[in-house]
Amino acid sequence: MFRNFFTNCLLVIFSLQCATTSASDPDPVQDYCIPNPRFGSIRSISHLLILPCKNSTEATDDDFIFSGMKQAGNFSDTGLASIPVNPTVFPGLNTLGMSFVRADLKVGGINPPHFHPRATEIAYVVQGSVYSGFVDSTNRVFAAIIEQGEVMVYPRGLVHFQMNVGKKPATIFGSFNSQSPGLQKIPSAVFGSGINEELLEKAFGLSSKQIGKMRRRFDPERSN
Ligand SMILES: *[C@@H]1O[C@H](CO)[C@@H](O)[C@H](O)[C@H]1NC(C)=O
Ligand SMILES: *[C@@H]1O[C@H](CO)[C@@H](O)[C@H](O)[C@H]1NC(C)=O
């Protein structure tokens, strides 16, 4: 028991150090690592990048199956419903260096410009017709309308976006080469994060009234 605890702790420390220095998730050192509820609920320890494992003899079939994305999630104001699937909701993914998302777009709905600091994303159009693209670090845009069955790749850390330009709802399956890709939405990062207002006015050439409007719109309490 004690030995197990100690090994797990060492693993956590080791993983955390790797995560700060390596360019991708650390390689697993065992077949799989189902998070151990003995260390607290998965949500409460999810700040640990790699969660401590339970004894592999206690793993179950259900640990490796996720059934929570048969239907679209809840839609935001922009017509986007996304269900991010990572080890906090799908224990079997822990330490495997990957995660995924189901995203649904209403007709005309958008996924606003955002990026994932720790992962490249592959986006597969399950149904619909989606204007999809990203911007590279020279501000060049790569974008096109992709249809059912087509795939686009968004390189790690680059701003990307999607809009349903078809006449029917669209569904996208995105997969990431990190179990913790991170997500920063540009509008909320800029206007919803509490950056000094004078700085924002100068940066964007907007009046204090206009900044106030953007702030209300992208208040983190409201955005999702
Ligand atoms: C895992 O569980 C099995 C069966 O209960 C036990 O024999 C084994 O010692 C445990 N392994 C560790 C590292 O605790
Ligand atoms: C959608 O919202 C309901 C009510 O707030 C919530 O119970 C449910 O878990 C949400 N679904 C998803 C996929 O987030």
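Bear in mind the structure is a predicted one, so any value in this text is a computation, not a measurement.

Calculation rules
- Residues numbered from 1 in each chain as written.
- Chains lettered and ligands numbered in written order.
- Predicted model: local features only at pLDDT ≥ 70, side-chain atom pairs only at ≥ 80, totals over all residues.
- Heavy atoms only, no water.
- UniProt positions renumbered as here; feature names shortened; annotations may be inferred.
- Helix = DSSP H or I, 4+ residues; strand = E, 2+ residues; numbered from the N terminus.
- Buried < 20%, exposed > 50% of the residue type's maximum accessible area, 1.4 Å probe, protein only.
- Core = buried A, V, L, I, M, F, W, Y, C linked by side-chain atoms within 4.5 Å.
- Contact = heavy atoms within 4.5 Å.
- Pairing = 2+ DSSP bridges.
- Patch = residues over 30% accessible without salt bridge, like charges linked within 9 Å, V, L, I, M, F, W, Y side chains within 5 Å.
- Areas by Shrake-Rupley, 256 points an atom, 1.4 Å probe, with all protein chains shown as cover.
- Salt bridge = Lys/Arg side-chain N within 4 Å of Asp/Glu carboxyl O.
- Disulfide = S-S within 2.5 Å.
- Axes fitted to C-alpha atoms, helices over the stretch in contact; angles between N-to-C directions.
- Lys, Arg positive; Asp, Glu negative; His and termini not counted.
- Charge placed at Lys NZ, Arg CZ, Asp CG, Glu CD.

Draft legend 1. A look at the UniProt feature "binding site: Mn(2+)" (unreviewed entry) in the chain. Per the UniProt entry, the sites bearing "binding site: Mn(2+)" (unreviewed entry) are His 114, His 116, Glu 121 and His 160 in this numbering. Judged by maximum C-alpha separation, these annotated positions cover 47 residues in sequence but sit close together in space, the widest gap being only 11.9 Å. Mapped onto the fold, Glu 121 is located in strand E4 (residues 121-127). According to the relative accessible area criterion, Glu 121 is buried, its value standing at 5%.

Draft legend 2. Up close: the nonpolar core. Of all hydrophobic cores here, the largest spans 13 residues; its most connected members are Leu 105, Val 130, Phe 134, Ile 146, Met 152, Tyr 154 and Ile 172. Secondary-structure elements contributing two or more residues to this core are strand E2 (99-105), E4, strand E5 (129-135), strand E7 (151-154) and strand E9 (170-176). The residues contacting Leu 105, other than those within four sequence positions of it, are Phe 75, Gly 79, Leu 80, Ile 110, Asn 111, Val 130, Gln 162, Met 163, Asn 164, Pro 169, Ala 170 and Ile 172.

Draft legend 3. The pairing of E4, seen in detail. The pairing of E4 with E7 spans four bridges and is classified as antiparallel. By the bridge assignment, Glu 121 is partnered in E7 with Tyr 154.

Draft legend 4. Up close: the pairing of E5. For E5, the tally of buried residues reaches six of seven residues, placing the bulk of the element in the interior. Across seven bridges, the pairing between E5 and strand E6 (residues 141-147) is antiparallel. Bridging from a neighbouring strand, Gly 133 pairs with Ala 143 of E6. Hairpin connection between E5 and E6: a loop of five residues separates the two successive antiparallel strands, and Asn 139 in this loop has a positive phi of roughly 65°. Sheet topology note: the E5/strand E8 (residues 159-164) ladder contains six bridges and is antiparallel.

Draft legend 5. Representation of unusual backbone geometry in the model. Of note in this structure, Thr 95 is not a glycine but carries a positive phi near 75°. In this structure Thr 95 comes out as buried when scored by relative accessible area, which is 6%. Even without being glycine, Asn 139 reaches a positive phi, approximately 65°. Among the secondary structure elements, Asn 139 is positioned in the loop between E5 and E6.

Draft legend 6. Inspection of a nonpolar patch on the surface at higher detail. Nonpolar side chains collect at one region of the surface, where Ile 110, Tyr 131, Val 141, Ile 145, Met 163 and Val 165 lie side by side and expose about 450 Å² of accessible area between them. Here Ile 145 shows up in strand E6. Its relative accessible area of 49% is what places Ile 145 among the partly exposed residues.

Draft legend 7. Region of the structure containing the state of the cysteines. Counted by the stated rule, this structure contains one disulfide. Bridging Cys 33 to Cys 53, the disulfide has an S-S length of 2.1 Å. Looking along the S-S bond of the Cys 33-Cys 53 disulfide, the torsion reads about -105°, which is the left-handed sense. Taken together, the residues Cys 33 in the loop between helix H1 (2-21) and strand E1 (80-85) and Cys 53 in the loop between H1 and E1 connect sequence positions 20 residues apart. The pair formed by Cys 33 and Cys 53 is uniform in burial state, with each residue classed as buried.

Draft legend 8. Layout of the sheet that holds E9. Strand order in this open sheet of five strands is E1-E2-E9-E4-E7, and the pairing throughout is antiparallel. Of all the strands in the sheet, the pair left with one neighbour each is E1 and E7. Mean inter-strand twist for the sheet, computed between neighbouring axes without regard to direction, equals 20°. In this sheet, E9 lies alongside E2 in antiparallel orientation, the contact comprising seven bridges. Note that in E9 the partner of Phe 100 across the bridge is Ser 175.

Draft legend 9. A positive patch on the surface, seen in detail. Taken together, the side chains of Lys 209, Lys 213, Arg 216 and Arg 217 present a region of like positive charge at the surface. Note on Arg 217: relative accessible area 51%, which makes it exposed.

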